[in-house]
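Residues per chain, in single letters:
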Amino acid sequence: MLKDNATTIGTPVPRIDGPYKTTGTAKYSSDHNFPGMLHAAPVCATIAKGKITGIDTTVAEAMRGVVKIYHYGNAPHLYRPIPRDARVDEARPAFEDENVYYSGQYVAVVVAETIEQARAAARAVKVAYAAEKPDNSPDLSDGLQEDALHEAYKRGDVDGAFALGAVKIDATYVTPVETHNPMELHASVATYDNGKFVLYETTQSIVNHRSAMAQMLGVPVENVQIIMKFLGSGFGGKLWVWQHSLLAASAARDLRRPVKLVTDRHSQFTNVGHRPRTQQRLRLAATAEGKLSCIQHDYSSETSILDNVGENCGESTPFLWSTPNLRVRSSMSRRNVGTPTAMRGPGAVPGLFALESAMDELAIRLKMDPVQLRLLNEPEKDESNGLPFSSRHMKECLTLGAEKFGWAKRNPVVGSMKKPDGTILGWGMAGASWGAGRIPTSANFAFRDDGSVRVGCATQDIGTGTYTVFSQMVHHITGISMGRIEVALGDTSLPPGPLSGGSRVTGSLFPAIQDAVNAATKQLLQIAVNGVRSPFKGAKLDDLAFSEGRVYRKADNSASGVSFEEILRSANLRFAIGEGSSVASQQDPKAKGLSLHSFGAQFVEVEWDPGIARLRVSRVVTVIDGGQIINLKAATNQVEGAIVMGVGMGLLEETIYDQRYGHPVNANYADYLVATHADCPPAIDVTFLDYPDKAMSEIGARGIGEIGLAGVAPAITAAVYHASGVRVRELPVRMEDLL
Ligand code: MOS
């Protein structure tokens, strides 16, 4: 059914949701209001460890507009989720007991008629604590002790190879706590009627959100509907359920009135996850010619007291470069912090900072060009499991990136590349990878008698362009123009679709849509054959075909056919409908014997002015091997955004905890630095190689949300070294590191 001439695939199609966002008509979750709606404001723990010894709500309860105040002594029961059926990183429901494990933990929630009344009363709730000294030590060496480390992966003999190595690197790298700061705050508007919840949430997975909420509220899953039509981004921080959703839903049920809870900016730093701090030791050895003989990657990531959410830093290590001896060991260091969670490229991104920094250091010690070192250690297959890569073009990423950047003109001598004004240029690079694969997906599709079609799937557009990509895929399959395609997402009453995480949505959609369109087309052709007034009445099903929105006799061409809406009208039917699904790539015979990943190379130029200690990323060239790109505009935009996020990771972002009290001290937009326009590299050059990955689907898309961030930070620190001679192994790079 694919037609070469009926494609917008790979072109820069503008977003179909763009006009709704730019005109303010897009309704985000907290834009929903209902008659009688109440507002909730949490009370947050002012200690990071200890117990609540008393809660006095008498003053707060007497304040105007206050309806109810909940805390562990009086709150309706909430359950923990079953991990197999629902993912929630912070499993302990709020108010489970009197214990406090981190600063900002919800200890009470005030529900009132207005948000101002709720917030004022929340400040008037008096909580007494028995405080203990929290552990917020940034040093994660406890996790790197021999007896703390668990082996995650091993091949060959690392210790033997390291002992014999001609050239070696043994260095420790640190990445800080980073906090997701989407523009749109986490929010929940909960309605409850007749035993059923309809919840307007900020989530990257409406399907998981429904299962988790049902379990934690203790109701059947069919009693919960999640709606989320637009998201103001998430970066992984909105993948799983956080406590504010439970507080809103639980209060709505108890009070039989809709409840809105919008979290504040401060609580983005305490209650809704963060990328945990990591400390990683890399040991690399190579022959004098630069062939890697071993890689050892040991790391610990900070986690909370109660949960086991770690940063999988060894994600890319076992397969990125070729070496016979490799070991990854991991651990977690418990601290009094809110539960960490996934942030864009979880595991791989901090892991690659360490691995690719060590590769750069190795290249320098070898007196070898860092691009050459990587080309020399390109694996033939995935050496972690012996499987062929489905589609790996890392060498082309490296060579094309080098060419576009002008890498051949690089003088490797530190500080040698000066601009006429005296500013020193630093050029650095790094490799990148991110996993690929399909998540089981289902979708439905309807031809309608008004000439439009509708595709539906309980997935969501988190701001990345999913509505548009969906529409492009339907157009690609059916030939029907995008203006006649309605895309329905963001509602759990639709067939279950993928979470918007791991860059998996785009790659997962196509086979399910194709299957749904096929099923609907089959029904349409049957209607054509059987419809009372159908022009094809009595024809043989096998003699008919469908293309470009028309049913026609195979003997003729499609232009001679009859439009689907006429076929439906001739049978007095509103729809021809079909449901479709696809399995996970691990279950797909086309994919399961293959190793699926995206790859990339990052080339960075920094400008370093030692006279005034000014450091800027001035130029980035990135080449991404992410399978077939569906929408060049949205994809380029994703990678440009990722690179800006990489500048933040490299130079700016870090959540700092007070060592005495465990509070995040820079928990606001002023003190937590994210890259602004002024920090953006003036030139970002994004190239996609566009090799379709047929193990993913016929269309060959893999997804590109996270790969753009991978490798940016180590390329920046490599460039900083080239400019200044200082190797920064602990992010972010600070001015004082370079003085
Ligand atoms: Mo991404 S961190 O999987 O939303």
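Predicted model, so just to flag it, every value in this text is computed and none were measured.

When helices and strands are tallied, the protein shows 16 helices and 26 strands. Relative to the globule expectation of 27 Å for 739 residues, the C-alpha radius of gyration of the protein, 27 Å, shows essentially globular dimensions. For the protein, the proportion of its 739 residues judged to be buried stands at 56%. Pairs at least 24 apart in sequence give 82% of the contacts found in the protein among residues at least 6 apart.

This brings us to the packing of helix α14 (residues 632-651) against helix α15 (residues 712-724). Geometry of a packed helix pair, given as the angle between the helix axes and the separation of the axes. Where α14 contacts α15, the axes come no closer than 8 Å and their chain directions differ by 55°. It follows from the interaxial angle that α14 and α15 lie oblique. Relative to α15, the crossing made by α14 is right-handed. Residues Ile 643, Gly 646, Met 649, Gly 650 and Leu 651 of α14 form the contact with α15, whose participating residues are Val 712, Ala 713, Ile 716 and Thr 717. For the contact of α14 with α15, the per-class residue count stands at six nonpolar, three polar and no charged.

Once that is clear, we can look at the sheet that holds strand β21 (residues 550-553). The strands making up a sheet associate through backbone hydrogen bonding, with each pair oriented either parallel or antiparallel. Here we have three strands laid out as an open sheet, ordered β20-β21-β22, and antiparallel in their pairing. Every interior strand has two partners, whereas the edge strands, β20 (544-547) and β22 (562-563), have only one. In this structure, β21 lies alongside β22, joined through two bridges in antiparallel fashion. Bridge pairing in β22 places Arg 550 opposite Ser 563. Contacts between helix α12 (residues 505-530) and the sheet are confined to β20 and β21, with β20 contributing the most and set at about 130° to the helix.

Attention now goes to helix α8 (residues 348-366). Its 19 residues give α8 an end-to-end C-alpha distance of 26 Å, which sits within 8% of 27 Å, the value for a rise of 1.5 Å per residue. Across the 19 residues of α8, 17 count as buried, placing the element largely inside the fold.

What follows concerns the nonpolar core. Counting 208 residues, the largest nonpolar core has Ala 40, Val 109, Val 110, Ile 513 and Leu 524 as its most contacted members. Here the element with the most residues in this core is α12; it accounts for 12 residues. In this structure Val 109 touches Ala 40, Ala 41, Pro 42, Val 43, Tyr 70, Leu 247 and Ala 251, once residues within four positions along its chain are discounted.

A few words now on the confidence of the model for the protein. For the protein, the average pLDDT comes to 96, and 99% of its residues sit at 70 or higher. Predicted confidence for residues 1-6 stays below pLDDT 50, and this span has eight contacts to residues more than four positions away or in other chains. On the interface metric, ipTM, the complex scores 0.96, and its pTM is 0.97.

Turning our eyes to something else, we now look at the domain arrangement of the protein. Interface size, as often reported, equals the accessible area lost upon joining of the parts. You can read the domains of the protein as domain 1 (18-25 + 438-583), domain 2 (33-133 + 183-232 + 238-269) and domain 3 (278-437 + 591-738). Relative to domain 3, the C-alpha centre of domain 2 lies at a distance of 37 Å. Here the side of domain 2 that touches domain 3 is composed, by residue class, of seven nonpolar, three polar and five charged.

This paragraph deals with the UniProt feature "domain: Aldehyde oxidase/xanthine dehydrogenase a/b hammerhead" (unreviewed entry) in the protein. Listed under "domain: Aldehyde oxidase/xanthine dehydrogenase a/b hammerhead" (unreviewed entry) in the UniProt record, and renumbered for this structure, are residues 23-133. Helix makes up 13% of residues 23-133 and strand 32%, and the two end C-alpha atoms of the span are 50 Å apart.

An order of β3-β5-β1-β12-β9-β10-β11 is seen for the seven strands of this open sheet, with the pairing classed as mixed. The open sheet terminates on both sides in strands that have one partner only, identified here as β3 (66-71) and β11 (224-227). Averaged over all pairs of adjacent strands, the angle between their axes in this sheet comes to 20°, without regard to strand direction. Direction of pairing for strand β1 (residues 38-44) relative to strand β12 (residues 259-262): parallel, over a ladder of two bridges. The residue of β12 that forms the bridge with His 39 is Lys 260. Its contacts with the sheet place helix α3 (residues 115-124) against β1, β3 and β5 (106-112), and it is angled at close to 25° to β1. Set on the sheet, helix α5 (residues 206-217) makes contact with β10 (196-201) and β11; between it and β11 the angle comes to about 145°.

Interaxial distance between helix α11 (residues 466-478) and α12 falls to 10 Å at its minimum, and their mutual angle equals 40°. Taken as axis vectors, α11 and α12 run oblique relative to one another. As for the relative orientation of α11 and α12, their crossing is right-handed in sense. Side by side, α11 and α12 meet where Thr 466, Val 469, Phe 470, Met 473, Val 474, Ile 477 and Thr 478 of the first sit next to Val 505, Thr 506, Leu 509, Phe 510, Ile 513, Gln 514 and Val 517 of the second.

All right, on to unusual backbone geometry then. Cis geometry marks the peptide bond from Leu 731 to Pro 732, where omega comes out at -5°. Structurally, Pro 732 is set in the loop between α15 and α16 (735-738). Even without being glycine, Ser 233 reaches a positive phi, approximately 75°. Relative to the helices and strands, Ser 233 resides in the loop between β11 and α6 (243-255). For Ser 233, a count of 17 C-beta atoms within 10 Å puts it in the partly exposed group. With phi around 50°, Glu 548 is a residue other than glycine that occupies positive phi space. Structurally, the position occupied by Glu 548 is in the loop between β20 and β21.

A few words now on the pairing of strand β16 (residues 424-435). Looking down a regular strand, the side chains alternate between one sheet face and the other. Burial analysis of β16 places 12 of its 12 residues in the buried class, the great majority of the element. Burial along β16 is two-sided: Ile 424, Gly 426, Gly 428, Ala 430, Ala 432 and Trp 434 facing one way and Leu 425, Trp 427, Met 429, Gly 431, Ser 433 and Gly 435 facing the other are all buried. Relative to strand β24 (residues 597-609), β16 is paired through 12 bridges, and the arrangement is antiparallel. Bridge pairing in β24 links Leu 425 to Glu 607.

About the thresholds
The numbering scheme is per chain: residues are counted from 1 as the chain's sequence reads. With the structure being a predicted model, the display of local features is reserved for residues of pLDDT at least 70 and the display and counting of side-chain atom pairs for 80 or more, all residues being used for whole-chain, interface and lining totals. Runs of E in the DSSP output that reach at least two residues are strands. Runs of H or I that reach at least four are helices, and both are numbered from the N terminus. Radius of gyration here is computed from C-alpha atoms only, and the compact-globule reference equals 2.2 Å multiplied by the residue count raised to the power 0.38. Residue burial here comes from a neighbour count, namely the number of other C-beta atoms, placed from the backbone, that lie within 10 Å of the residue's own C-beta, with 20 or more meaning buried, 12 or fewer meaning exposed, and in between meaning partly exposed. Throughout, a pair of residues is in contact if the C-beta atoms placed from their backbones lie within 7 Å. All axes are obtained by fitting lines to C-alpha atoms, using only the stretch in contact for helices, and the reported angles, taken between N-to-C directions, cover 0 to 180 degrees. Working definition: roughly parallel below 35 degrees, roughly antiparallel above 145 degrees, roughly perpendicular at 65 to 115 degrees, and oblique for all remaining angles. Two helices that cross are described as forming a left-handed crossing if the nearer one is turned anticlockwise from the farther one by less than a right angle, and a right-handed crossing if clockwise. Throughout, the ten residues Ala, Val, Leu, Ile, Met, Phe, Trp, Tyr, Cys and Pro are labelled nonpolar, Asp, Glu, Lys and Arg are labelled charged, and all others, Gly among them, are labelled polar. A strand pair is defined by DSSP finding two or more bridges across the two strands. The length a helix should cover is 1.5 Å for every residue beyond the first. Here a nonpolar core is just a set of buried residues of the types Ala, Val, Leu, Ile, Met, Phe, Trp, Tyr and Cys, joined wherever their C-beta atoms sit within 7 Å. The pLDDT value tells you how sure the predictor is about a given residue, anywhere from 0 up to 100. Note that the domain bounds reflect an automated or database-derived domain assignment. UniProt positions are given in the numbering used here, feature names are shortened, and annotations may be inferred rather than shown by experiment.

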